[in-house]
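Reading the structure
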Amino acid sequence: MTAVLTNLFDGVAYGMLLFVLACGLAVTLGLMNFVNLAHGAFAMTGGYVCMLLVNQHGWPFFTALPLAFVSAALIGIVLERTLYRHLYTRGHLDQVLFTIGLTFMSVAAVDWLMGSSRVFINLPQALQGQFDVFGVGIGRYRLMIIVICGLLTVALQLVLARTRFGSRLRAAVDDPRAASGLGINVPQVFAFTFAFGCGLAGLGGALSAEILGLDPYFPLKFMIYFLIVVTVGGSSSITGPFLASLLLGIGDVAGKYYVPKMGPFVIYTMMIVILIWRPNGLFGRTAAR
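Scoring rules and cut-offs
- Residues numbered from 1 in each chain as written.
- Predicted model: local features only at pLDDT ≥ 70, side-chain atom pairs only at ≥ 80, totals over all residues.
- Heavy atoms only, no water.
- Helix = DSSP H or I, 4+ residues; strand = E, 2+ residues; numbered from the N terminus.
- Expected span 1.5 Å × (residues − 1).
- Buried < 20%, exposed > 50% of the residue type's maximum accessible area, 1.4 Å probe, protein only.
- Contact = heavy atoms within 4.5 Å.
- pLDDT = per-residue confidence, 0-100.
- 1 Å grid on protein atoms, 1.4 Å probe; cavity = no way out; pocket = protein on both sides within 12 Å on 5 of 7 lines; lining within 4 Å.
- Points joined across faces, edges and corners; volume = space filled by probe spheres on them.
- Nonpolar A, V, L, I, M, F, W, Y, C, P; charged D, E, K, R; others polar.
- Core = buried A, V, L, I, M, F, W, Y, C linked by side-chain atoms within 4.5 Å.
- Pairing = 2+ DSSP bridges.
- Salt bridge = Lys/Arg side-chain N within 4 Å of Asp/Glu carboxyl O.
- Axes fitted to C-alpha atoms, helices over the stretch in contact; angles between N-to-C directions.
- Parallel < 35°, antiparallel > 145°, perpendicular 65-115°, else oblique.
- Left-handed = near helix turned anticlockwise from the far one by under 90°.
- Phe/Tyr/Trp six-rings, centres within 6.5 Å; stacked < 30°, edge-to-face > 60°.
- Lys NZ or Arg CZ within 6 Å of the ring centre and 35° of its normal.

Further remarks concern helix α3 (residues 61-82). Here α3 is 22 residues long and its end C-alpha atoms lie 32 Å apart, about the 32 Å a rise of 1.5 Å per residue gives. Buried residues of α3: F61, A64, L65, A68, S71, A72, A73, G76 and E80, and no others. Taken together, the buried residues of α3 touch α2 (39-56), α5 (140-162) and α8 (186-212).

Mean pLDDT over the chain stands at 84; residues scoring 70 or higher make up 95%. Averaged pLDDT values for the elements of the chain fall to 76 in strand β1 (residues 130-133) and rise to 93 in α2.

Bringing the layout of surface pockets into the picture now. Here the largest pocket defines a volume of roughly 380 Å³. Lining the largest pocket are 19 residues; nearest its centre among them are A41, T45, I75, S106 and V110. Counting only elements with at least two residues in the lining of the largest pocket, the list comes to α2, α3 and α4 (92-114). Within the lining of the largest pocket, the residues separate by chemical class into 17 nonpolar, 2 polar and no charged.

Attention now moves to the nonpolar core. With 84 residues, the main nonpolar core has C50, F61, Y141, F190, L207 and F218 as its most contacted residues. Here this core takes 14 residues from helix α1 (residues 2-31), the largest share from any one element. In contact with F61, not counting residues within four places along its chain, are C50, V54, I121, L123, P124, L127, Y141, M144 and L207.

What follows deals with the pairing of β1. Note that β1 and strand β2 (residues 136-139) share 4 bridges and pair antiparallel. Residue pairing for β2: D132 is matched across the bridge by G137. Counted between consecutive antiparallel strands, the loop separating β1 from β2 contains 2 residues, among which F134 sits at a positive phi close to 55 degrees.

Our focus in this paragraph is the pattern of salt bridges. It is possible for side chains of opposite charge to pair when their charged atoms get near one another. Per the stated rule, a full pass over the model turns up 4 salt bridges. For R142, the salt bridge is made with D10, and the minimal N-O distance between the two is 3.8 Å. With R142 in helix α5 and D10 in helix α1, this residue pair connects regions lying 132 residues apart in the sequence. Salt-bridge contacts for D94 lead to R90; the nearest nitrogen and oxygen are separated by 3.2 Å. Exposure remark for R90: the relative accessible area of 46% places this residue in the partly exposed category.

It is worth spelling out the environment of L52 at this point. In this structure, L52 sits in helix α2. Considering only alpha carbons, one finds L52 and M105, 53 residues apart in sequence, at a separation of 21 Å. Non-local contacts of L52, meaning those with residues more than four positions away in its chain, are made with H57 and M114.

What follows covers the packing of helix α6 (residues 164-174) against α8. Contact geometry for α6 and α8: axes closest at 10 Å, N-to-C directions at 110 degrees. Between α6 and α8, the interaxial angle falls into the category roughly perpendicular. For the pair α6 and α8, the crossing hand works out as left-handed. When α6 is examined against α8, the residues F165, L169, A172 and V173 are found in contact with a partner set consisting of V186, V189, F190, F192 and T193. Taken together, the residues of the contact of α6 with α8 sort by class into 8 nonpolar, 1 polar and no charged.

Inspection of every chain in the model, using the stated rule, returns 15 aromatic pairs. Both rings, one in F192 and one in F196, keep their centres 6.5 Å apart while their planes meet at 10 degrees; by these two values the pair is stacked. Placement of the pair is F192 and F196 together in helix α8, with a separation of 4 residues, close to one helical turn. Residue class for F196 comes out partly exposed when judged on its relative accessible area of 29%. Among the aromatic residues, ring-to-ring pairing joins F34, F42, Y84, Y88, F98, F190 and F194 into one connected group. Across the ring face of W277, the terminal group of R278 is positioned such that the distance to the ring centre comes to 5.9 Å.

Below is the structure:
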């Protein structure tokens, strides 16, 4: 039983991490109807920024985390204003080809600048190791991830459902022309939303570097995980990807623990079963543009 609970805790932590990494894609794909396969590149950017600040410049870990968010968001808004905005009205195939090209360019650039070695972030002593609660091993770093991701999930849901900006974003997505007629600055709303999604990816990349490792091929290795989370959860809300992340995280950890030879196939089997049952995802709906 203690092994089951320990695996459950690790699975929840992994699922929370997947959500932070993928929720930015859920925002751009589900709320903006834009396929950004370069999402992992922004996560990698945040991870490397945090690693450089902590490992090479001696910054405190909790000080470097916000800068990982800001750096990815700034790069995101620059690219959105110069490149991405011209693709909003184009088809999904054009968006996929453009963003996958950006992904390969980012992989080559980071490989040239940082090298191909896998790196990790030096965590503070307070986040290292674990403690036992009734025989269940609780990792300090994973517990921190659960707390941060839980607060972030609540904050995102409140912003999108209860604030004026959330209402403007939904209006801009459902009918941009009518939203402009009501005085909503649609390009500005899209730019801020895109930058915020990129910032979330950067934060997720910084948080995941210690668990998943960080190397130039990070965007390619975990791109499929981001897409699975958004596809299974449905791209019309934040609740769907959050529940999908938890489900897939627990399933992935349990599969690799109990059936190591078939562990990697567990999440794909879960994805197929869920999509046969609900083709639009757990909370999906037909998107309107």
